[in-house]
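In case you want the letters, here they are:
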2 protein chains.
Amino acid sequence: MARPATRIASPESGDGAERMLQILSEAARLFATNGYDGTSMRDISEACGISKSLLYHHFTDKDEIFAKVTLGSTRELYHFVFDRLPADARPSERVRVFMTATGEYFQRYRWAWIASTTAFWNDPEQRRQKERMMWRDRYEGLIRTLIEEAIEAGEFRPLDVPLTGRLILSSLNWMHRWYKPEKGMAPPQIADAYCDMIFNGLVAPR
Amino acid sequence: MARPATRIASPESGDGAERMLQILSEAARLFATNGYDGTSMRDISEACGISKSLLYHHFTDKDEIFAKVTLGSTRELYHFVFDRLPADARPSERVRVFMTATGEYFQRYRWAWIASTTAFWNDPEQRRQKERMMWRDRYEGLIRTLIEEAIEAGEFRPLDVPLTGRLILSSLNWMHRWYKPEKGMAPPQIADAYCDMIFNGLVAPR
DNA sequence: ACATGCGCTGACCGACCGTTCAGTGCAAGC
DNA sequence: GCTTGCACTGAACGGTCGGTCAGCGCATGT
């Protein structure tokens, strides 16, 4: 059942689902900026303009908020990129789309992305991180598959596939450490420029 | 005045300077593993087998320990790489040495490196971070200069120099997220393999 | 023999952490 | 009009945090 329309007219207080999204949004920004341990439940509640207790009404604990942010981001990144891969394009073109689509995802969901990629990988709380790693592995598996196909098609040289995938992923994953949204190229453009450099190399043709 | 020789015979307790090095070493490992906020003074003291109070005998506070670890690492990285650049080699060869030397530094001072590169860049405590950023900027300025020289010498194509530098640095800086010291190639080899890929590109020659 | 200096400790501090809980106010359903 | 249910709050909990402090043991210089 949908909420009655009168609820929507209410100017100040939001619906429960909206509230959860607001919390996740603010939490993503704070986790990305200050890290997991550097972000307190009080920080999140104050950023949302609510009491600390309300966080526990919507989520069981801090870990769940963090898991929702990072798992959601990692899972959606995979589908976001996968869904944009053109089925009938040349393999190397699909690699390029992989990179630019990742740049686009970064542009749209910057805070959740940063929170996910900077999350410590060896967190003792492994149960919740397990699923995130699963999607991350699928994402990395995807780029490896694309590289292999490009090699088989003769477009790429014979390459160390895992290492090549890591080179591509490194360029994308490190972007958040220097990228400033207000200046310079947009992330998809940056990814495209990286793509040109990596595909063709730095060395001048002789 | 040097310590008298009798002091050295003491089997259990170390000299003050040794203690400081031990503390910095253990702190680097913990900061790298669990982050700044995830590492308590108690963690550091227990890792060293000493009391928490002793940390404050050698350092003023937690921030100073962290600053010593990260600033020391960043400053030494610059000199470590700079000192290894061959003066009379071709520009592109100097770029390669920049990368492999960075890989060698990573291999030797892994924990301090990780603590430095994962340190939050927008820490409110800016006074101490200022000097670290200075060395980091010099380090990045160095690779940009090398790239420019390679372009001027006609070895590299005309390139977006800052972006090219970031591509190279990204590949090196992201290594700690997937590198496992006990298996696979050593970091200098990895840097060299990256170098081959970035120089010559992925695309097969036609 | 005595004073000095230093590496070092255990007890302790206030602040803040994540988390809990009893209870409030208000809209919806009967 | 009354009950139900839920978004929401303020006070409080035990625990851990970074940091302090008085003082101990012992090698050293005189």
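Quantities reported herein were computed from a predicted structural model and do not represent experimental measurements.

### Some thoughts on the relation of the copies chain A and chain B
Each copy of the sequence occupies a distinct position, and chain A is placed on chain B by a rotation of 180° and an axial shift of 0.0 Å, giving an RMSD of 0.0 Å. What the superposition gives is, in effect, a two-fold axis relating one chain to the other. For chain A, the smallest separation between a C-alpha atom and the rotation axis is recorded for A:Gly201, amounting to 1.8 Å. Most of the interface of chain A is mirrored in chain B, where 100% of its interface residues are also at the interface.

### A few points about the packing of aromatic side chains
Residue and element names in this part refer to chain A. Enumeration over the complete set of coordinates arrives at 26 aromatic pairs over all chains. Centroid distance tyrosine 36 to phenylalanine 66: 4.9 Å. Interplanar angle 70°. Geometry classified as edge-to-face. Placement of tyrosine 36 in the loop between α2 (16-34) and α3 (41-48) and of phenylalanine 66 in helix α5 (residues 62-84) is noted, with a sequence separation of 30 residues between them. Since its relative accessible area comes to 24%, tyrosine 36 is described here as partly exposed. A residue is classified by how much of its surface remains accessible, and phenylalanine 66, at 11% relative accessible area, is buried. In textbook terms, an aromatic cluster arises when at least three aromatic residues are bridged by ring pairs, as seen for Phe80, Tyr105, Phe106, Tyr109, Trp113 and Tyr179. Its end group placed over the ring of phenylalanine 80, arginine 84 keeps NZ or CZ at 3.6 Å from the ring centre.

### Considering the pattern of salt bridges
Using the criterion set out here, one finds 18 salt bridges over all chains in the structure. B:Lys68 is the salt-bridge partner of B:Glu64, the closest N and O atoms lying 3.9 Å from each other. Pair noted here: B:Glu64 and B:Lys68 are both in helix α5 (residues 62-84), with a separation of four residues, about one helical turn. For B:Lys68, a relative accessible area of 40% translates into the label partly exposed. Two residues, B:Arg96 and B:Asp192, come together in a salt bridge whose shortest N-O distance is 2.9 Å. Here the residue B:Arg96 occupies a position in helix α6 (residues 91-108), and B:Asp192 occupies one in helix α10 (residues 187-200), the gap between them amounting to 96 residues. Take B:Asp192: its relative accessible area is 28%, and that puts it in the partly exposed class. Where salt bridges share partners, they join A:Arg96, A:Asp192 and A:Asp196 into one cluster.

The rules we used
Residues numbered from 1 in each chain as written. Chains lettered and ligands numbered in written order. Predicted model: local features only at pLDDT ≥ 70, side-chain atom pairs only at ≥ 80, totals over all residues. Heavy atoms only, no water. Least-squares fit on C-alpha atoms with pLDDT ≥ 70 in both. Contact = heavy atoms within 4.5 Å. Phe/Tyr/Trp six-rings, centres within 6.5 Å; stacked < 30°, edge-to-face > 60°. Helix = DSSP H or I, 4+ residues; strand = E, 2+ residues; numbered from the N terminus. Buried < 20%, exposed > 50% of the residue type's maximum accessible area, 1.4 Å probe, protein only. Lys NZ or Arg CZ within 6 Å of the ring centre and 35° of its normal. Salt bridge = Lys/Arg side-chain N within 4 Å of Asp/Glu carboxyl O.

Everything listed here is a matter of coordinates, which is why it stays silent on function.
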